[in-house]
Amino acid sequence: MQAPLNPSSDTPSPADPATASRIRIVLVGTQHPGNIGSAARAIKTMGLSRLVLVAPQKFPHNEADMMAAGADDVLAAAVEVDALADAVADCRLVLGCTARSRRVQLRELDPRTAAASARVEAEAGGEVALVFGRERTGLENAELQLCHAAVHIPANPDYSSLNLAAAVQVLAYEVRMALLGAATVAATTAPMADAAPHAELEGFFAQLADTLDAIDFHKGRTPDSAMRKLRRLFVRTGLDSQEIRLLRGVLADAQRMARLAGRDAG
Ligand code: SAH
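Rules of the game
Within each chain, residue numbers correspond to sequence positions counted from 1 in written order. For a predicted model such as this one, the threshold for reporting local features is a pLDDT of at least 70, and the threshold for listing and counting side-chain atom pairs is 80 or more; totals across whole chains, interfaces and linings nevertheless cover every residue. With hydrogens and water set aside, each side-chain value is computed from the structure's full complement of heavy atoms. A run of H or I in DSSP becomes a helix once it reaches four residues, and a run of E becomes a strand once it reaches two; helices and strands are each numbered from the N terminus. In what follows, a contact means two residues having at least one pair of non-hydrogen atoms within 4.5 Å. Areas reported here follow the Shrake-Rupley algorithm with a probe of radius 1.4 Å; residue values treat only the protein chains shown as occluding. Both cavities and pockets are sets of points on a 1 Å grid over the protein atoms alone; in a cavity a 1.4 Å probe fits but cannot get out, in a pocket the set is open with protein on both sides within 12 Å along at least five of seven lines, and lining residues sit with an atom within 4 Å of a point. Grid points are joined across faces, edges and corners, and a volume is the space filled by probe spheres set on the points. Nonpolar residues are Ala, Val, Leu, Ile, Met, Phe, Trp, Tyr, Cys and Pro. Charged residues are Asp, Glu, Lys and Arg, and all others, Gly as well, are polar. Per the annotation, domain bounds derive from an automatic or database assignment of domains. Working definition: with a 1.4 Å probe on protein chains only, accessible area under 20% of the residue-type maximum means buried, over 50% means exposed, and in between means partly exposed. Only strands that DSSP links by at least two bridges are regarded as paired with each other. Salt bridge criterion: a side-chain nitrogen from Lys or Arg within 4 Å of a carboxyl oxygen from Asp or Glu. A cutoff of 4 Å decides nearness: a residue is near a molecule or strand if any of its heavy atoms lies inside that distance of it. Think of a polar contact as two N or O atoms within 3.5 Å of one another; within protein, one of them needs to be a possible hydrogen donor and the other a possible acceptor, and neighboring residues in sequence only count if both atoms come from side chains. Just a note on the criterion: a molecule sits in a pocket or cavity if more than half of its atoms are within 2 Å of the grid points. Look down the strands so they point away from you; if the path from the first strand over the helix to the second goes clockwise, the crossover is right-handed. Here the expected length of a helix is defined as 1.5 Å per residue gap, with one fewer gap than residues. For every element, the axis is a line fit to its C-alpha atoms; helices are fit only across the contacting stretch, and the angle between N-to-C directions ranges from 0 to 180 degrees.

Quick notes on the overall build of the protein chain
Stage number 1. A count of helices and strands for the protein chain gives 12 helices and seven strands.
Stage number 2. Considering only intrachain contacts with a sequence separation of at least 6, the fraction spanning at least 24 residues in the protein chain is 87%.
Stage number 3. Carbon and sulfur atoms make up 54% of the accessible area of the protein chain, which totals about 14,000 Å².

What follows is the structure, given as C-alpha cells:
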C-alpha cells in the first residue's frame, strides 16, 4: 500500500526560529531609501526580521515605506546606528558582502558557504551579521576590515555589481535554504560560540596598534599592511574573552616597558 501523500511534509520547516533571530542584515550608508524598503521586503520573505541601518542617507522616507510593501514591521523595527562597529559590536560572525574581490586580507566565501556558517554560528548561540555596502561605492576597506570574511556572489565577472536589495535577497535566500536544510551543513567554520564579541576584539586591535607604535615596530612604514595581516591572523583563531584579556595583559606590559625605556632615554 502506498503511503498517502502529505503535502505539508513537502515543505521543510525552518530551524528553531531563535536561530533566524540571531542573524541580522546590516546596510551601511544606503543612498536610496527605496533600497532600504526593498531589503526589508527581501529579508521578510525569507523569514528574517532584523535590519540595522548604519548612517542611512535618507530614512525614514516614503520611498522606503512604498518598497517595503507588507514588510513595514521590519522597517519599523529597524535599528539606526552611526558606525558599522556599533552595528556588529555583539557579533561573533560578521560577513561583509562585496561586489568586487578587493585586495583585502580577508577570506572570501560564496553565499552558500557563508549562509551555512551563519547557521552554524547562530545555532550555537552566536550573533551573526551580514553587512552590505553603499550603492555607489560599496563598503570601505576599513569597514571590510571589521568583517571576519568577505562574501562575493559569483556574478558575471564583466558586470558583477547587483542592486543592493537584490544582493540582500540572494544572501537572505541562501540563509533560508541553510536554515531549512539538514543540520549537517557544509560550513567551513566551526561555531565560534566561545569567541569574544566583536567589540572586545576591536579593543584588543586598538591596543595592539598603540603598542606597535610605542615599541616603534613600523619604523617609518605605514602601519596598515602589518595591521591587516595581524587582524587576519587573530580573527582566524577565534579568540575568546579570556585569551583577549591575556593578550591585553602582555600588551600592557610591553607598553609599560616602552614608557620606561622612553623615560631612561629621555
Ligand atoms: N559599485 C559598488 C557596488 C555596490 S552594490 C562596488 O563596487 O562595491 C551595493 C552592495 O550590494 C555592495 O556593497 C554589496 O554589499 C552588495 N553586492 C552587490 N553585488 C554583489 C556581489 N556580486 N556579491 C556580493 N555582494 C554584492
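With respect to empty space enclosed by the protein
Stage number 1. Scanning the entire structure with this criterion turns up three cavities of 30 Å³ or more.
Stage number 2. In this model, the second largest cavity occupies a volume close to 40 Å³.
Stage number 3. Looking at the second largest cavity, the residues that line it are Gln105, Leu106, Gln145, Cys147, Arg231, Arg232 and Val235.
Stage number 4. Of the residues belonging to the lining of the second largest cavity, the class tally is three nonpolar, two polar and two charged.
Stage number 5. Two domains each put at least three residues into the lining of the second largest cavity: domain 1 (17–179) and domain 2 (198–265).

With respect to the pairing of strand S6 (residues 128–132)
Stage number 1. Across the five residues that make up S6, a large majority, five, are buried.
Stage number 2. The alternating pattern of S6 places Val128, Leu130 and Phe132 and Ala129 and Val131 on opposite faces, both of which are buried.
Stage number 3. Across five bridges, the pairing between strand S1 (residues 23–28) and S6 is parallel. Within S6, the position partnered with Arg24 by the bridge is Ala129.
Stage number 4. Strand direction decides the pairing type here: strand S4 (residues 93–97) and S6, joined by four bridges, are parallel. The residue bridging Val94 from the neighbouring strand is Ala129, located in S6.

A few points about the pattern of salt bridges
It is possible for side chains bearing opposite charge to pair when their charged atoms get close.
Stage number 1. Following the criterion strictly, the structure yields 10 salt bridges and no others.
Stage number 2. We note a salt bridge from Arg50 to Glu127, for which the minimum N-O separation is 3.0 Å. In this pair, Arg50 sits in strand S2 (residues 50–54) while Glu127 sits in the loop between helix H7 (111–123) and S6, placing the two residues 77 residues apart along the sequence.
Stage number 3. What makes Arg50 partly exposed here is its relative accessible area of 26%.
Stage number 4. The class for Glu127 is buried, based on a relative accessible area of 19%.

Examining the site of the ligand
Stage number 1. If you check the shell around the ligand, you find 20 residues, and the closest are Cys97, Arg100, Ile153, Ser160 and Leu162.
Stage number 2. One of the backbone nitrogen or oxygen atoms of Cys97 is found 2.6 Å away from an oxygen atom of the ligand.
Stage number 3. In this structure, a nitrogen atom belonging to the ligand sits 2.9 Å away from a main-chain N or O atom of Arg136.
Stage number 4. Burial of the ligand by the surrounding chains reaches 94%, relative to a free accessible area of 540 Å².
Stage number 5. At a threshold of 2 Å from the grid points, most atoms of the ligand map onto the largest pocket.
Stage number 6. In terms of residue class, the shell around the ligand is built from eight nonpolar, seven polar and five charged.

Thoughts on the pairing of S2
Stage number 1. The buried fraction of S2 is high, at four of five residues.
Stage number 2. Across five bridges, S1 lies against S2 in parallel orientation. Directly across from Leu27, in S2, lies its bridge partner Leu53.
Stage number 3. Taken together, S1, helix H3 (residues 33–45) and S2 form a β-α-β motif whose crossover is right-handed.

So, helix H9 (residues 164–180)
Stage number 1. Here H9 spans 24 Å end to end across 17 residues, near enough to the 24 Å set by a 1.5 Å rise per residue.
Stage number 2. All of the buried residues along H9 are Leu164, Ala165, Ala167, Val168, Leu171, Ala172, Glu174, Val175, Ala178 and Leu179.
Stage number 3. Where H9 begins, one side-chain oxygen reaches toward the backbone nitrogen of Ala165, 2.9 Å away; that side chain belongs to Asn163.

Thoughts on the sheet that holds S2
Stage number 1. Taken together, the seven strands give an open sheet; going across it, the order is S3-S2-S1-S6-S4-S7-S5, and neighbouring strands pair in parallel fashion. Here the strands that pair on one side only, and so sit at the sheet edges, are strand S3 (79–81) and strand S5 (107–109). Taken over all neighbouring pairs, the strand axes of this sheet differ in orientation by 30° on average, direction set aside.
Stage number 2. Across the sheet, H7 touches S1, S4, S5, S6 and strand S7 (149–151), and the angle it forms with S4 is around 160°.

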